[in-house]
Amino acid sequence: MKKLAIFDLDGTLLNTIADLAQSTNHALEALGYPTHELSAYPLMVGNGINKLFERALPEGEKTPENVLRMRAEFIPYYNVHNADMSRPYLGIPDLLERLQAAGVQVAVASNKYQEATTKLIAHYFPAIRFAAVLGQREGVPVKPDPAIVHDILRLAQAAPADVLYVGDSGVDMLTARNAGVEACGVTWGFRPRAELESVQPAHIVDKAEDIYTLVING
């Protein structure tokens, strides 16, 4: 049995894309730039909000200064509206409760900034005692750099061999590989199955309950 399951947040535990899109469009509109359809956003997210803003800005406007201007408009709005439309994916609350009941530690490793990561986890999963809830923090490189996983391993006092890392993107699968932990891709998130397959994780699952089986039999 694995002793620790680490989960990505956006696209893995929670479907947050509508709130991310709404908040990014709010920032774009505030700065006088064109907005994007919801369908464009799944391929923009996953590498932290600065990269999201860079992708959302028009060609010729993708400057560090404009990314900071976007951030200044986005964060206050998102902090208020990040739970308007976001919801846990099917089976996720039950999965986390079953893992906790089985004595498996659970943790979150997200490229979402720390304040929002903490707030969303507390809002949607108040009964779960997470070993760590880490988002993007100043001075710590974003995924696929393995620093966030290394920090979680220290906090949970877990060895890499005892860990299953679960995410919905190629970035997540590379994060697991870079950290030396077993990877599991989920197909219900923001990125296509082909992206997961291209990185060749140990597992790809279609249902949350399959993760429980992998952890218990791991």
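Scroll up to find the structure.
Residues numbered from 1 in each chain as written. Predicted model: local features only at pLDDT ≥ 70, side-chain atom pairs only at ≥ 80, totals over all residues. Heavy atoms only, no water.

Asks: How should I be thinking about helix α4 (residues 92-101) in this particular structure?
Replies: Because an α-helix completes one turn every 3.6 residues, residues spaced three or four positions apart along the sequence face the same direction. The set of residues buried in α4 consists of I92, L95, L96, L99 and Q100. Axial view of α4: buried residues confined to an arc of 130 degrees, hence all on one face. Its buried side turned inward, α4 meets β1 (4-7), β4 (105-113) and α9 (208-217). The positive-phi residue at the C-terminal boundary of α4 is G103, with phi of around 85 degrees. (Buried < 20%, exposed > 50% of the residue type's maximum accessible area, 1.4 Å probe, protein only. Helix = DSSP H or I, 4+ residues; strand = E, 2+ residues; numbered from the N terminus. Arc of directions from axis to C-beta. Contact = heavy atoms within 4.5 Å.)

Asks: Would you explain the pairing of β1 in this entry?
Replies: Sheet faces and side chains relate simply in a regular strand, where the side chains alternate between the two faces. What you see with β1 is no split at all: L4 and I6 on one side and A5 and F7 on the other are buried throughout. In terms of strand pairing, β1 meets strand β6 (residues 163-167) through 4 bridges, oriented parallel. The residue of β6 that forms the bridge with A5 is L164. (Pairing = 2+ DSSP bridges.)

Asks: Can you help me understand the nonpolar core in this one?
Replies: Across soluble globular proteins, nonpolar side chains have a tendency to be buried as a group. In this structure, F7, L13, F125 and I211 are the most contacted members of the largest nonpolar core, which totals 53 residues. Leave out the neighbours within four places in its chain, and L13 touches F7, D8, R87, P88, Y89, I92, L96, V108, I121 and F125. Residues L134, I152, V181 and V199 belong to the second largest nonpolar core, which totals 21 residues. (Core = buried A, V, L, I, M, F, W, Y, C linked by side-chain atoms within 4.5 Å.)

Asks: Help me out: how do you make sense of α9 in this one?
Replies: The set of residues buried in α9 consists of A208, I211, Y212 and V215. End-on, the buried residues of α9 take up no more than an arc of 100 degrees, which puts them together on one face. Those residues of α9 hidden inside the fold are in contact with β1, α4, β6, β7 (182-186) and β8 (203-205).

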